[in-house]
Amino acid sequence: MRALVRSMTIELPSHIDQLRDTLRRFAERHMPRREAARWDKENTFPRNVFEELAALGVMGSTIPEEFGGTGRDILATLVTIEELSRRSLAISVPYIMCACYAGMNILECGSERQKADFLPRIAAGKLIFAYGWTEADTGADLASVKTTGRIEGDELVINGSKRFCSGSEICDYIYALIRTGEQGERYKNLSIVLIPPDSPGVEIQPIESMGMKGARTTDVSFTDVRVPLENIVGEQDGFNRGWGMITSSGLDVEKLEVAAIALGIAEAACDDAWEYSETRKQFGATISTFQSIRHQLAEMKTQLHVARLATYHAAMLSDREAPRRVETSMTKLFVTEAAKKVVLDAQSIFGAYGYVRDFDIERNVRDVLLMPIIGGSSAVQRNNIANWLGLAR
Ligand SMILES: Cc1cc2nc3c(=O)[nH]c(=O)nc-3n(C[C@H](O)[C@H](O)[C@H](O)COP(=O)(O)OP(=O)(O)OC[C@H]3O[C@@H](n4cnc5c(N)ncnc54)[C@H](O)[C@@H]3O)c2cc1C
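Values in this document were obtained by computation on a predicted structure and should not be read as measured data.

Looking now at the overall build of the protein. Looking only at helices and strands, the protein features twelve helices and nine strands. What you see for the protein is a C-alpha radius of gyration of 21 Å, in line with the 21 Å of a compact globule of 393 residues. For the protein, with 393 residues in total, the buried portion stands at 49%. If you take every contact in the protein between residues at least 6 apart in sequence, the share linking residues at least 24 apart comes to 74%.

So, in structure tokens, the structure goes:
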């Protein structure tokens, strides 16, 4: 078994503290609680707030300076996701769709022409990608997607459908995993194709989900949708190489993006429960004086402390380009499950008020429940960890 403990220094660089302060001020000013509640209720994307966020330059945290970014900094990217998720997924998820789905993937997998064309626009917050991977019959087993693309002249003609394609209505391109060769080849005939959602032949049907409102999730169907061959990610070199792209190092960061969302939601829930416990009185005393509540809050703080350490450590491994697939899977597994527990515990501290819409905790519960499911479920992460650590089968 490979040694897991490498240098475990967890001292955050000073620019991360500054970034966190800036984002907290941003959230107070541009993402007040009542607005976050409205975005959730109306399932709406506040594009004006997203544009204000882009003006801070944070969209460029996955993009080298030569392309207009601030340099690839995964720790900064995750702290941005964490901070925005404390207040609203209607902003943090579109941030991921820009900085990560678009920025990180084009940087890693795009052709030189695509990098020069897309990256500066992404760094400016002007391009958002939605992931079109899942299909009705294709969940964890992504290599069995059935949506097809056939070459006709200098175009690709796409037929099929995607399920749970979040943010397809607000994106510029759907980053779609498509079968571009014969069925049966499985890993060798997949390509990633950029499909503008307003192309003729694209139809979008919203899906009513419990949480993660804002970039709402949808069914998307493609009927003879034509895109130029230059929309294949990586262009000629990317044709039929899609599997390598979705399992590239971007996947490690994707696991951490979900962990960072979960962390932000759980921190917000814990803070709110802490404050509530100090004001709510029963039996003549604030409930924070009851040992059961004190222990519960102490446990929640401890879980969050460990979750933060795991997330930042995995981010630092990613920034150093160190081997990290086991650590990122462990982080995704631990943080999302711990966050779920913390949020449910926070809800119980609110008692009956945790079950009504007046408090943010009700939204936190709906949002956090998704995190162990998406980005590779907890079962999938457990499989990966056991396999990669070489457990005999
Ligand atoms: C709100 C929301 C937003 C989403 N957004 C997107 C998006 O933007 N783009 C996108 O492409 N997808 C998106 N998804 C889909 C999400 O990523 C899927 O949940 C994922 O693809 C897994 O598919 P599935 O849930 O159908 O589970 P399945 O793969 O069908 O799994 C069902 C159950 O079996 C378990 N399981 C599966 N395989 C194994 C195994 N090998 N070993 C042990 N257990 C296993 C799973 O853990 C789960 O409990 C979204 C989903 C939701 C609900």
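Picking up after the structure, the text goes on.
Residues in contact with the ligand amount to 19 residues; listed here are only the nearest, Trp133, Gly139, Ala140, Phe164 and Ser377. Listed by contribution, the elements that provide at least two residues to the shell around the ligand are strand S1 (129-132) and helix H12 (378-388). For the shell around the ligand, the domains that each give at least three residues are domain 2 (132-245) and domain 3 (248-388).

The next subject is the domain arrangement of the protein. Once the domains are mapped, the protein shows domain 1 (14-127), domain 2 (132-245) and domain 3 (248-388). For domain 1 and domain 3, the distance between their C-alpha centroids amounts to 21 Å. Contacts between the two partners involve 20 residues from domain 1, matched on the other side by 22 residues from domain 3. Secondary structure elements with two or more residues in the side of domain 1 that touches domain 3: helix H2 (33-42), helix H4 (74-87) and helix H5 (89-109). Taken together, the residues of the side of domain 1 that touches domain 3 break down into ten nonpolar, three polar and seven charged.

Before going further, it helps to examine the nonpolar core. By size, the foremost hydrophobic cluster in this structure holds 115 residues, and its most contacted members are Met97, Ala262, Ala266 and Ala339. A per-element tally of this core places H5 first, with 16 residues.

As a packed pair, H4 and H5 sit with axes 8 Å apart at the nearest point and diverge in direction by 160°. Considered as vectors, H4 and H5 are oriented roughly antiparallel to each other. The way H4 lies across H5 gives a crossing that is right-handed. Residues Thr77, Thr80, Ile81, Leu84 and Ser85 of H4 pack against Leu89, Ile91, Ser92, Tyr95, Ile96, Ala99 and Cys100 of H5.

We now examine the packing of helix H10 (residues 325-349) against H12. Geometry of a packed helix pair, given as the angle between the helix axes and the separation of the axes. With their axes 9 Å apart at the nearest point, H10 and H12 run at an angle of 145° to one another. In this structure, the crossing between H10 and H12 has a hand that is left-handed. Contacts between H10 and H12 involve Arg325, Val326, Ser329, Met330, Lys332, Leu333, Thr336 and Glu337 on the former and, on the latter, Ser378, Gln381, Arg382, Asn384, Ile385 and Trp388. Its residues assigned to classes, the contact of H10 with H12 comprises five nonpolar, five polar and four charged.

A few words now on the pairing of S1. Residue alternation in S1 divides its side chains into two sets, Phe129 and Tyr131 and Ala130 and Gly132, and both sets are buried. Where S1 meets strand S4 (residues 173-179), four bridges bridge the pair, whose relative direction is parallel. Across the sheet, residue Ala130 finds its bridge partner in S4, namely Ile174.

Attention shifts here to unusual backbone geometry. The backbone of Asn240 shows a phi angle near 65°, a positive value even though the residue is not glycine. Turning to its location among the elements, Asn240 is positioned in the loop between strand S7 (218-228) and helix H7 (242-246).

Criteria and thresholds
Residues numbered from 1 in each chain as written. Predicted model: local features only at pLDDT ≥ 70, side-chain atom pairs only at ≥ 80, totals over all residues. Helix = DSSP H or I, 4+ residues; strand = E, 2+ residues; numbered from the N terminus. Rg over C-alpha atoms; globule rule 2.2 N^0.38 Å. Buried ≥ 20, exposed ≤ 12 C-beta atoms within 10 Å, placed from the backbone. Contact = placed C-beta atoms within 7 Å. Near = placed C-beta within 6 Å. Domains from an automatic or database assignment. Nonpolar A, V, L, I, M, F, W, Y, C, P; charged D, E, K, R; others polar. Core = buried A, V, L, I, M, F, W, Y, C linked by C-beta atoms within 7 Å. Axes fitted to C-alpha atoms, helices over the stretch in contact; angles between N-to-C directions. Parallel < 35°, antiparallel > 145°, perpendicular 65-115°, else oblique. Left-handed = near helix turned anticlockwise from the far one by under 90°. Pairing = 2+ DSSP bridges.

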